[in-house]
Amino acid sequence: MPEAPLVMPKMSMTMTEGTLVAWHKSEGDEVRAGEVVCEVATDKVDMEVEAPADGTLARIVAQPDDVVAVGEPIAYLATAAEDLLAGLFDGPAPEPEPEPVPTAPRRVAAEPAPPPAAREPQPGPTPAAPARVTAEPAPASTALRRIAAESEPGPAAPTRVAAEPEPALAAPARVATAPTATPPRRVAAVPAARRVAAERGIDLATITPTGPAATIRLADLPPPAPRRSRRAVIARRMSASAQVPQFVVYRDLDMPARGDWTTVFLRALAGALRRHPELNAEWADGDVRRHDHVGVALAVDTGRGLLAPVLRDPDLDDRLAERVRDLVRRARAGKLTLAEMSGGTTTLSNLGGFGVDAFHALLSPPQATALAVGRVQEKVVPVPGGIGLSLRCTVGLTVDHRVGDGADAARLLASVQELLTL
């Protein structure tokens, strides 16, 4: 039974690689078409991979936490759903016949005049013949016959050729001697090898075949590039963030008496960005590009690492707290959709629950802002006539300096403070 590769799927237009999270099946297990066999993760979402056909999970080549390029095999499925070798060993296809060459030129080249002893003498041409050729060119067939006749030895032939060269002589000679191009032969390869080679940009003509009838098998292809750990994906994204000129502005904010702090900050940040659209933007094509919506990517700590699902226009949602709880639950269960992982225009990260007082959040390009929220706690503050206690939280606003300046960040935080106390 042939083996078909189960490859890393492309789950979005920008996806180039994915991380193998977990296998739901083991080698040797029977699988049905549409049955979940494993989970993979991108930098945006975790997704389940289904078996494309009935069969047996023959080999597993990617292990949990392996980072695999899109189109590379993660396992092999033994299946009879498709005969991968069909038609490959039926014998070579017949060579294509060259295009026919015009009849007249072939006669000129292929039928040389017989030697003088083997033919009867031809009567000499009349003096008017050269004038007729020059003034009224004969049709191609007539001209070619005349050329053949004139090329035969005879007393008048050298004189006529020297005095009046036949204009049609060069064209037939070129047609007769032109080489016929031979189309390149198609390299024999099993469909799986041909598909993987196309995905990885491998020229099959450079591969040494080991299969029957000089056929290239999947095992003949060079091994893929070494797989990296999942941290390598995060490292790549954060390295891109480090290329962005960014700064941080800190401020202690007075907090309301009670509330779900994540929900409170989501609503306040979205409302503040709506008031300051110059920061609800990104740097693209050498200029600032503003967004027509507010999308807050909420950093969620999961067992598989950090995910940042997006809440669109959270300041306009009357049931925001319920929506946030559902989103966090599904993020930790790996049940987010691709739509929920796109459309972010800013990021909110809250480490207050871990006892962190303040921190600096890196930008997630192309977003121009990120708000880092610390612990909400009572702090000693000056009050008229002495000191007192106030419920406060230290936040840090990171800004892409190409999009905004320090004063812009200060104004945005002032709006956040105003919205928190409404």
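Scroll up a little and you will see the structure.
Keep in mind that this is a model prediction, so the values were computed, not measured. The written sequence of each chain sets the order in which its residues are numbered from 1. Local features in a predicted model are, by the rule used here, given only for residues with pLDDT of at least 70; side-chain atom pairs are given and counted only at 80 or more, and totals for whole chains, interfaces and linings are based on all residues. Where side-chain values are given, they derive from all heavy atoms of the structure, hydrogens and water being excluded.

*Asks:* I'd love a proper account of the pairing of strand β12 (residues 295–298), names of residues and values included.
*Replies:* Each residue is assigned to one of three classes by its accessible area relative to the maximum for its type, calculated with a 1.4 Å probe on protein chains only: buried under 20%, partly exposed between the two thresholds, exposed over 50%. Counting from the N terminus, the helices are DSSP H or I runs at least four residues long and the strands are E runs at least two residues long. Alternating residues of β12 divide into Gly 295 and Ala 297 and Val 296 and Leu 298, and every residue in both groups is buried. In this description, strands pair whenever DSSP reports at least two bridges between them. As paired strands, β12 and strand β15 (residues 310–312) are joined by 3 bridges and run antiparallel to one another. The partner of Val 296 across the bridge, within β15, is Leu 311. Relative to strand β16 (residues 346–350), β12 runs parallel, the two sharing 3 bridges. Its bridge partner being in β16, Leu 298 is matched across the sheet by Leu 348.

*Asks:* Residue-level account of the pairing of strand β18 (residues 386–400), with values.
*Replies:* For strand β9 (residues 246–254) and β18, the ladder comprises 9 bridges, and the chain directions are antiparallel. Each residue of the ladder has a partner; that of Leu 253, found in β18, is Cys 393. Turn length for the strand β17 (residues 369–383)-β18 hairpin, with the two strands adjacent in sequence and antiparallel, is 2 residues, and the turn residue Gly 385 shows positive phi of about 90 degrees.

*Asks:* Go over the packing of aromatic side chains with me, naming the residues and quoting the values.
*Replies:* Note on ring pairs: Phe, Tyr and Trp rings are taken, using the six-membered ring of Trp, and paired if centres are within 6.5 Å. Classes follow the plane angle, with under 30 degrees stacked, over 60 edge-to-face and the rest tilted. Scanning the model with the defined rule gives 0 aromatic pairs in all. Stacked on the ring of Tyr 76, the Lys or Arg Arg 59 has its end atom at 4.1 Å from the ring centre. We call a charge positioned above a ring when the Lys NZ or Arg CZ atom is no farther than 6 Å from the ring centre and deviates by at most 35 degrees from the ring normal.

*Asks:* Tell me about the packing of helix α8 (residues 261–275) against helix α9 (residues 320–332), and please be specific about residues and values.
*Replies:* Pairs of packed helices are described in terms of their axes, by the angle between the two and the distance that separates them. Orientation of α8 relative to α9, taken along the N-to-C sense of each, is 115 degrees, at an axis distance of 10 Å. What the angle tells us is that α8 and α9 run roughly perpendicular. For the pair α8 and α9, the crossing hand works out as right-handed. Contacts from Thr 262, Thr 263, Leu 266 and Arg 267 of α8 reach α9 at Leu 320, Ala 321 and Val 324. Tallied by class, residues from the contact of α8 with α9 come to 4 nonpolar, 2 polar and 1 charged. Every angle, taken between N-to-C directions, lies between 0 and 180 degrees, and every axis is a line fitted to C-alpha atoms, over only the stretch in contact when it is a helix. Under this scheme an angle from 65 to 115 degrees is roughly perpendicular, one under 35 degrees roughly parallel, and one over 145 degrees roughly antiparallel; angles in between are oblique. The crossing is said to be left-handed when, going from far helix to near helix, the turn is anticlockwise and less than a right angle, and right-handed when the turn is clockwise. Contacts: residue pairs with any heavy atoms within 4.5 Å of one another. The residue classification treats Ala, Val, Leu, Ile, Met, Phe, Trp, Tyr, Cys and Pro as nonpolar and Asp, Glu, Lys and Arg as charged. All others, Gly included, are polar.

*Asks:* Give a detailed account of a nonpolar patch on the surface, specifying residues and quantitative values.
*Replies:* Judged by side-chain polarity, Val 380, Ile 387 and Leu 389 come together as a nonpolar surface patch covering roughly 350 Å² of accessible area. With respect to the secondary-structure elements, Ile 387 resides in strand β18. Overall, the relative accessible area of 67% leaves Ile 387 in the exposed class. Put simply, a patch holds well-exposed residues, over 30% relative accessible area, that have no salt bridge, with like charges counted together within 9 Å and Val, Leu, Ile, Met, Phe, Trp or Tyr side chains within 5 Å. Only the protein chains shown count as cover for residues, and the accessible areas themselves come from Shrake-Rupley with a 1.4 Å probe. In the sections that follow, a salt bridge refers to a side-chain nitrogen of Lys or Arg positioned within 4 Å of a carboxyl oxygen of Asp or Glu.

*Asks:* Got a sec to walk through the sheet that holds β15? Specific residues and values, please.
*Replies:* Sheet architecture is open: 6 strands sit in the order β9-β18-β17-β16-β12-β15, paired in mixed fashion. This sheet does not close on itself; its edge strands, each paired only once, are β9 and β15. For this sheet, the mean angle separating the axes of adjacent strands, direction not counted, is 30 degrees. Sitting on the sheet, α9 is in contact with β12 and β15, with an inclination near 155 degrees to β15. With respect to the sheet, helix α10 (residues 406–420) is in contact with β9, β17 and β18, its orientation differing from that of β9 by roughly 25 degrees.

*Asks:* Residues and numbers for the environment of Gly 211, please.
*Replies:* Its location among the elements puts Gly 211 in the loop between α6 (191–200) and α7 (230–242). With 21 residues separating them in the primary sequence, Gly 211 and Val 190 have C-alpha atoms 9.1 Å apart. If sequence neighbours within four positions are ignored, Gly 211 has contacts with Arg 217 and Asp 220.

*Asks:* I'd like to hear about the environment of Gln 367, residue by residue, with values.
*Replies:* Positionally, Gln 367 belongs in the loop between β16 and β17. C-alpha of Gln 367 to C-alpha of Thr 347: the two residues are 20 residues apart in sequence and 7.8 Å apart in space. Ignoring any residue separated from it by four or fewer positions in sequence, one finds Gln 367 in contact with Ala 297, Gly 344, Thr 345, Thr 346 and Thr 347. Of the polar contacts made by the side chain of Gln 367, one reaches the side chain of Thr 347; its length is 2.5 Å. The definition of a polar contact used here is a pair of N or O atoms within 3.5 Å, where within protein one atom must be able to donate a hydrogen and the other to accept one, and adjacent residues in sequence count solely through side-chain atom pairs.

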